[in-house]
Amino acid sequence: MDEALAYLDSLRPLDVTAAHLLAWPPVVERVCTPAFIPFFIYRDPRDVVVSHVFYIAEMLPDHHHHKYYAEELHSFDERLMVSILGLPDADVEFPNIAERFSFYTDWLDRSEVLKLHFEDFIHDRRATLGKVYDHFSTRVPNLPIDHETALDILETSINPQKSPTFRSGRTGEWKKYFTEEHKRIFKDVAGDLLIRLGYEKDQNW
C-alpha cells in the first residue's frame, strides 16, 4: 500500500497513467480527491480467466506460475480450471477469480470513479469515449476543445498492439472454451461477481 501511495504522490499535474491499483481504503481516498480524475475499467471475469491461460502458458515464460501451467497441467481445460479456482497452496499464492477481483471491487462504490466495461470500448467505442470525455469535463470545465474533436483524437490514439498483454482484443471468447463443468465451477466461485459487475442478471447463463 505504501508503494501505491508513493506512486500516486509521484504523479505530476496533467499526468495520465494506468495501473492495477488495488482498492486499499487509503488509496481509494487519495484517488477520489480533486487532484485525480479516476476511471475503473474492468473486463468480463470469464474472459479474464481465458486470457490468463494464454498469457501465463504462452506469452510470459518468466512468470512464476508458467512452469506449473506448462509442465504440470496437460490441457487447456485443466489450465482454465486452475485460472478459475486459483492455486492457494502455491509458493506464490494465486487466489480464485472472485478473490482476485475483490481487491478492486471497492472502486465500484465511489461516485468519483467512472466505471467502464472493457467490452464497451470494443463494441460501442464512440459512446464510451464520450463518457470518458464527459467525466473529465465535469472535473475540468471550459476545456479548449469541443466534444466531437476530442473523441476523434481519443479514437485515433487507441493502439492496443502497444500493450504487452494484448493478444486478440476480442470479447466473449470464454464461450468457445468453457465446458459445462467450467460454467458450474465458475458460477459457484464467482457467479455473484458477474451480477455485481453487470455481465449477468442471474445465474442462468
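For the structure, check the block above.
Residues numbered from 1 in each chain as written. Predicted model: local features only at pLDDT ≥ 70, side-chain atom pairs only at ≥ 80, totals over all residues. Heavy atoms only, no water.

Among the structural elements, Thr128 can be located in helix α8 (residues 125-139). Exposure remark for Thr128: the relative accessible area of 4% places this residue in the buried category. Separated by 12 residues in the primary sequence, Thr128 and Leu116 have C-alpha atoms spaced 7.8 Å apart. In this structure Thr128 touches Leu116, Asp120 and Phe121, once residues within four positions along its chain are discounted. (Helix = DSSP H or I, 4+ residues; strand = E, 2+ residues; numbered from the N terminus. Buried < 20%, exposed > 50% of the residue type's maximum accessible area, 1.4 Å probe, protein only. Contact = heavy atoms within 4.5 Å.)

Let's shift gears to unusual backbone geometry. Not every positive phi belongs to a glycine, and Leu14 is a case in point at roughly 75°. Relative to the assigned elements, Leu14 resides in the loop between α1 (2-10) and α2 (25-31). Given the relative accessible area of 83%, Leu14 is considered exposed. Notably, Asn142 is not glycine yet its phi reads approximately 60°, a positive angle. By the element assignment, Asn142 lies in the loop between α8 and α9 (147-157).

The subject of this paragraph is the nonpolar core. One finds Val27, Ile84, Trp107, Phe178 and Phe186 to be the most contacted residues of the largest nonpolar core, which totals 35 residues. For this core, the elements supplying multiple residues, two or more each, are α1, α2, β1 (39-42), α3 (45-59), α5 (76-85), α6 (97-102) and α11 (180-197). No other element matches the six residues that α11 contributes to this core. Membership of the second largest hydrophobic core comes to eight residues, among which are Leu114, Phe121, Leu129 and Val132. (Core = buried A, V, L, I, M, F, W, Y, C linked by side-chain atoms within 4.5 Å.)

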